[in-house]
2 protein chains.
Amino acid sequence: MFQVDPVSRVPIYEQLINNVIRLTAAGVLKPGDRLPPVRTLASEAGVNPNTVAKAYRDLEARGFICSVVGKGSFIHPELTANATLKREAAQTFREACLSARNSGLTGTELKTIVDDICKGG
Amino acid sequence: MFQVDPVSRVPIYEQLINNVIRLTAAGVLKPGDRLPPVRTLASEAGVNPNTVAKAYRDLEARGFICSVVGKGSFIHPELTANATLKREAAQTFREACLSARNSGLTGTELKTIVDDICKGG
DNA sequence: ATTAATGTATTAAATGAATTAATACAAATA
DNA sequence: TATTTGTATTAATTCATTTAATACATTAAT
């Protein structure tokens, strides 16, 4: 269920994060579902428990899961993964806009670029 | 003329790059002006010649200066620094648009964000 | 209460990319 | 031909990221 490539240059904890998000977006994991305990997943994937813990912490900070000591980690009850990803992407794009503005690009110029790339989407 | 903070966490070669761009944008350095030789600037700034060389190579790749062995390094004859910076910023923004699109944001949504941030600029 | 299962926190080791340095090379000019 | 210049190659260093080792804290089950 959780596949990890220890050789990949993409960090293990990031692979784990992507796994959870992908499984959630695909509907395999549903809101409220329980994730494997840190130690269990670590042992199955052959990685250190802390690596899994870091992935879980990250997922919680991003609102994908809820973790509580003694109980476990669960897909966030009111989560739609794609909406969350979209929200994150919007935030990133906002920062890109600010940065572009600081470099002297006007709002009109930015919209021209958006149009050019999206060809009326 | 060229100030470097060896303690700063921003790399020395980057500080040098910023110095050149800033001086050019401010009109202190004009197209055709000669920059200090690699070794001269290195000795003045108290850094390794290669660090200056890297900054110069970078500036040349970005079109800010022209370097030729035996002659020296010069502010690009047809340069307007701000235009170059703007061009670079536009390219970065294009990539941000593509990335946002890949995350499911539509062109309309992107333009809304641009509007929101630029408040009609 | 006690024990076991769980996530969390702290610290240290390992990894790897980015940065800087040492040195030698190549081209242009005087 | 000697000097000045930028370039190239390689190695050392630095530093943030990643992973690991270990101990702690909270919850639930018995």
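For clarity, every value in this text was computed on a predicted model and none was experimentally measured.

1. Overview of the protein's contact with DNA strand C
- Residues in contact with DNA strand C amount to 22 residues; listed here are only the nearest, A:Val38, A:Arg39, A:Asn50, B:Ile12 and B:Asn48.
- Considering DNA strand C, the proportion of its atoms within 4 Å of the protein that are sugar or phosphate atoms stands at 62%.
- A:Ser73 is positioned with one of its side-chain polar atoms (N or O) 3.3 Å from a phosphate oxygen of DNA strand C.
- Secondary-structure elements contributing two or more residues to the surface near DNA strand C are α2 (38-45), α3 (49-61), β1 (65-68) and β2 (72-75) of chain A together with α1 (12-25) and α3 (49-61) of chain B.
- Classifying every residue of the surface near DNA strand C gives nine nonpolar, eight polar and five charged.

2. Some remarks on the interface of chain B and chain A
- In this complex, chain B contributes 25 residues to the contact, which on the side of chain A involves 25 residues.
- Considering only the side of chain B, the residues that lose the most area to chain A are B:Lys86, B:Phe93 and B:Ile117, jointly responsible for 24% of the buried surface there.
- Connecting chain B to chain A are four salt bridges.
- A:Asp115 is the partner of B:Lys111 in a salt bridge, and the nearest nitrogen-oxygen pair spans 2.7 Å.
- In this structure, the connection of chain B to chain A is made through four residue pairs in polar contact (both at pLDDT 80 or more).
- Elements supplying a minimum of two residues to the side of chain B that touches chain A: α4 (81-102) and α5 (107-118) of chain B.
- In terms of residue class, the side of chain B that touches chain A is built from 13 nonpolar, six polar and six charged.

3. Quick look at the packing of aromatic side chains
- In total, this model carries one aromatic pair over all chains according to the counting rule given.
- Measuring from ring centre to ring centre gives 5.5 Å for A:Phe93 and B:Phe93, while their planes differ by 40 degrees; the resulting arrangement is tilted. You can see A:Phe93 sitting in helix α4 (residues 81-102) and its partner B:Phe93 sitting in helix α4, one on each of two chains. B:Phe93 matches A:Phe93 in its accessibility class, with the two residues each being buried.
- Just above the ring of A:Tyr13 sits the side chain of A:Lys54; from NZ or CZ to the centre is 4.3 Å.

4. Things to note about the domain arrangement of chain A
Residues and elements named next belong to chain A.
- Domain boundaries in chain A define domain 1 (12-75) and domain 2 (81-118).
- Here domain 1 and domain 2 have C-alpha centroids that lie 30 Å from each other.
- Both faces considered, domain 1 and domain 2 share a buried interface measuring about 430 Å² in area, 63% of it formed by carbon and sulfur atoms.
- Taken together, the links from domain 1 to domain 2 amount to one salt bridge.
- In this structure, the connection of domain 1 to domain 2 is made through one residue pair in polar contact (both at pLDDT 80 or more).

5. Digging into the relation of the copies chain B and chain A
- Mapping chain B onto chain A calls for a rotation angle of 179 degrees and an axial translation of 0.0 Å; the resulting RMSD is 0.1 Å. The transformation relating the two chain copies, once decomposed into turn and shift, fits a two-fold axis.
- When the interface residues of chain B are mapped onto chain A, 100% of them again lie at the interface, so the same face is used by both copies.

Parameters and conventions
Residues numbered from 1 in each chain as written. Chains lettered and ligands numbered in written order. Predicted model: local features only at pLDDT ≥ 70, side-chain atom pairs only at ≥ 80, totals over all residues. Heavy atoms only, no water. Near = heavy atom within 4 Å. Polar contact = N/O pair within 3.5 Å; in protein donor to acceptor, adjacent residues only side chain to side chain. Helix = DSSP H or I, 4+ residues; strand = E, 2+ residues; numbered from the N terminus. Nonpolar A, V, L, I, M, F, W, Y, C, P; charged D, E, K, R; others polar. Contact = heavy atoms within 4.5 Å. Buried area = accessible area lost by both parts, 1.4 Å probe. Salt bridge = Lys/Arg side-chain N within 4 Å of Asp/Glu carboxyl O. Phe/Tyr/Trp six-rings, centres within 6.5 Å; stacked < 30°, edge-to-face > 60°. Buried < 20%, exposed > 50% of the residue type's maximum accessible area, 1.4 Å probe, protein only. Lys NZ or Arg CZ within 6 Å of the ring centre and 35° of its normal. Domains from an automatic or database assignment. Least-squares fit on C-alpha atoms with pLDDT ≥ 70 in both.

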